[in-house]
Amino acid sequence: MIVKNEAATLPKCLNSVRKVVDEMVVLDTGSIDRTPNIAQQLGAKVYHFKWCNDFSAARNAALKYVTSDWILVLDADETLAPAIVPQLREAIATDEYLLINLVRQEVGAEQSPYSLVSRLFRNHPDIRFDRPYHALVDDSVAAILTKEPHWQIGYLPGVALVHTGYQKSAIAQNNKYAKAATAMEGFFATHPDDPYVCSKLGALYVETGKITQGMELLRRGITFAQENYDILYELHYHLGIAYSRLQKSPQAISHYQAAIKLPIYPMLKLGAYNNLGNLLKAAGDLNGAKTAYTTALKIDPTFVFGHYNLAMTFKALGLFADAIVYYQHAITLNPNYAEAYQNLGVVLLKIGNHQDSLAAFKKAIALHERYNPEEAKRLRQGLREMELM
């Protein structure tokens, strides 16, 4: 791990791995809080590094202190999922693997709920991190594979890492966007044909409102990505988002459709299926939307937004019994889902079940009071006008 001022999140992270790994190597890059002390108290070997605005330089410095045969890389806002440990042990006991990709769950991400990260690899002398931001070992691993073709790359199905750093509060607090843009722009200046940096920097520009610049980079990335399907998916996916922001639905739909056709791990496609469903529903293609959401739920039955959006589609189709079932699924998975309660109330009212409808609306109001007081007020007023309250 490389860390800086992570006292709040580090204990949870290290506690998730301390009984799984043989050693914990923590490289501190200039903390002014209790981060180094906490790491030591939890059994980590702590080293220090002067920060130089280059994540790869720091990660490579940390690698020098590792003594074990395999390396698992974590950030402080990540934890290892306990259920993956038996698979992880089995995978590293396999002789042919050089690197094993892990599925990471993005908690609070408004878009893709899962990503694939190259964070588990052999302690091979030629593996090193490249790129100043989004530091990766992938380039060095590709170089090793050309010289030593007996190695294989694997991946573990199922969630291995749980990441909380995409929550809006965390992004704002750490000024992540500005730091990321500065580091990636420097790299792009010297690597203009790198599809990965085109994807990441292009997506960042779209996210921060520089949509034209972002789309230019994303299109550029597609011309260089060739058969790198994971990166191609990201490029099409973010072009889908960009066209949606510009309210150009046909182009957005075609990029999402291109994304879901790519031969990548199905869990990574959830965001594209969900966004495609949203666009088809808005365009009036309710059966197309239903297919997109149903496919997403086949891939991941715990995908809350999939249940909610499928319920909304059934509601629009007038299939109220089906809508009720899927609103209830969404609520079971997320008991604080105010919109699901609210729309459940609407459907129950339509079928004449006033008692359960009122109970659902009251629950929605209570949750909106906590998270969105204006909506609570509006909903309460609406119920009074209908003489339900």
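All of these numbers come straight from a predicted model, not from anything done at the bench.

### Examining the overall build of the chain
From N to C terminus, the chain includes 18 helices and eight strands. Seen along its three principal axes, the alpha-carbon backbone of the chain occupies a region of about 70 × 50 × 40 Å. Within the chain, the fraction of its 389 residues that count as buried is 49%. Excluding contacts between residues fewer than 6 apart, the proportion of contacts in the chain whose partners are at least 24 apart in sequence is 58%. With the model as given, the accessible surface of the chain reaches about 19,200 Å², and the carbon-plus-sulfur share is 52%.

### A word on the sheet that holds strand β5 (residues 78–80)
Spatial strand order, β4-β7-β6-β8-β5: five strands in an open sheet with mixed pairing. Edge positions in the sheet fall to β4 (70–72) and β5, since each has one partner strand and no second. Direction aside, the axes of adjacent strands within the sheet are offset by 40° on average. With three bridges joining them, β5 and strand β8 (residues 152–163) adopt antiparallel strand pairing. In the strand pairing of β8, Thr79 is matched with Val162. Its contacts with the sheet put helix α4 (residues 85–92) on β4, β5, β6 (97–106), β7 (114–122) and β8, and the angle it makes with β8 is roughly 155°.

### A few points about the pattern of salt bridges
Going through the model one piece at a time under the given rule, you end up with 14 salt bridges. Residue Lys147 is joined to Asp126 by a salt bridge in which the shortest nitrogen-to-oxygen separation is 3.7 Å. Taken as a pair, Lys147 in helix α5 (residues 138–147) and Asp126 in the loop between β7 and α5 lie far apart in primary sequence, 21 residues in all. With a relative accessible area of 58%, Lys147 lands in the exposed category. Glu207 serves as the salt-bridge partner of Arg245, at 3.8 Å between the closest nitrogen and oxygen. A residue pair is termed long-range when its members are at least 10 positions apart, and Arg245 in helix α10 (residues 229–245) and Glu207 in helix α8 (residues 195–207) qualify at 38 residues.

### Focus: the packing of aromatic side chains
Per the counting criterion, the structure on display carries eleven aromatic pairs. Between Tyr47 and Tyr65, the ring centres sit 3.7 Å apart and the planes meet at 5°, which makes this aromatic pair stacked. Here Tyr47, found in strand β3 (residues 45–48), pairs with Tyr65, found in the loop between α3 (55–63) and β4; they are 18 residues apart in sequence, far enough to count as distant. Judged by its relative accessible area of 25%, Tyr47 is partly exposed. Their ring planes at 80° and their centres at 6.2 Å tell us that Phe303 and Phe305 sit as a pair that is edge-to-face. Using a relative accessible area of 6% as the deciding quantity, one classes Phe303 as buried. Grouping aromatic residues by their ring pairs yields a cluster made of Phe303, Phe305, Tyr308, Tyr327 and Tyr337. One residue, Arg59, lies across the ring of Phe129, its end atom 5.8 Å from the ring centre.

### Some thoughts on the UniProt feature "repeat: TPR" (unreviewed entry) in the chain
The feature "repeat: TPR" (unreviewed entry), as given by UniProt, occupies residues 270–303, 304–337 and 338–371 in the numbering adopted here. For residues 270–303, helix accounts for 79% and strand for 0%, while the C-alpha atoms at its two ends are 8 Å apart. As annotated, residues 338–371 comprises 91% helix and 0% strand, and the C-alpha atoms at either end are separated by 9 Å.

### Thoughts on the environment of Val17
Along the chain, Val17 turns up in helix α1 (residues 10–17). Sequence-wise, Val17 and Pro36 are 19 residues apart; in three dimensions their C-alpha atoms are separated by 17 Å. Residues within four places of Val17 in sequence aside, it is in contact with Met24, Leu72, Leu74 and Leu80.

### Remarks on the pairing of β3
Two elements, strand β2 (residues 25–28) and β3, share four bridges in a ladder whose sense is parallel. Note on β3: the bridge partner recorded for Leu27 is Tyr47. Chirality of the crossover, the property in question, places the unit of β2, helix α2 (residues 35–41) and β3 among those that are right-handed.

### Description of the side chain of Ser56
Residue placement: Ser56 occurs in helix α3. At a separation of 2.9 Å, a polar atom in the side chain of Ser56 contacts the main-chain carbonyl oxygen of Asp130. Apart from residues lying up to four places away in sequence, Ser56 is in contact with Phe129, Asp130, Arg131, Pro132 and Ala135.

The rules behind these values
Residues numbered from 1 in each chain as written. Predicted model: local features only at pLDDT ≥ 70, side-chain atom pairs only at ≥ 80, totals over all residues. Heavy atoms only, no water. Helix = DSSP H or I, 4+ residues; strand = E, 2+ residues; numbered from the N terminus. Buried < 20%, exposed > 50% of the residue type's maximum accessible area, 1.4 Å probe, protein only. Contact = heavy atoms within 4.5 Å. Areas by Shrake-Rupley, 256 points an atom, 1.4 Å probe, with all protein chains shown as cover. Pairing = 2+ DSSP bridges. Axes fitted to C-alpha atoms, helices over the stretch in contact; angles between N-to-C directions. Salt bridge = Lys/Arg side-chain N within 4 Å of Asp/Glu carboxyl O. Phe/Tyr/Trp six-rings, centres within 6.5 Å; stacked < 30°, edge-to-face > 60°. Lys NZ or Arg CZ within 6 Å of the ring centre and 35° of its normal. UniProt positions renumbered as here; feature names shortened; annotations may be inferred. Right-handed = clockwise from strand over helix to strand, strands pointing away. Polar contact = N/O pair within 3.5 Å; in protein donor to acceptor, adjacent residues only side chain to side chain.

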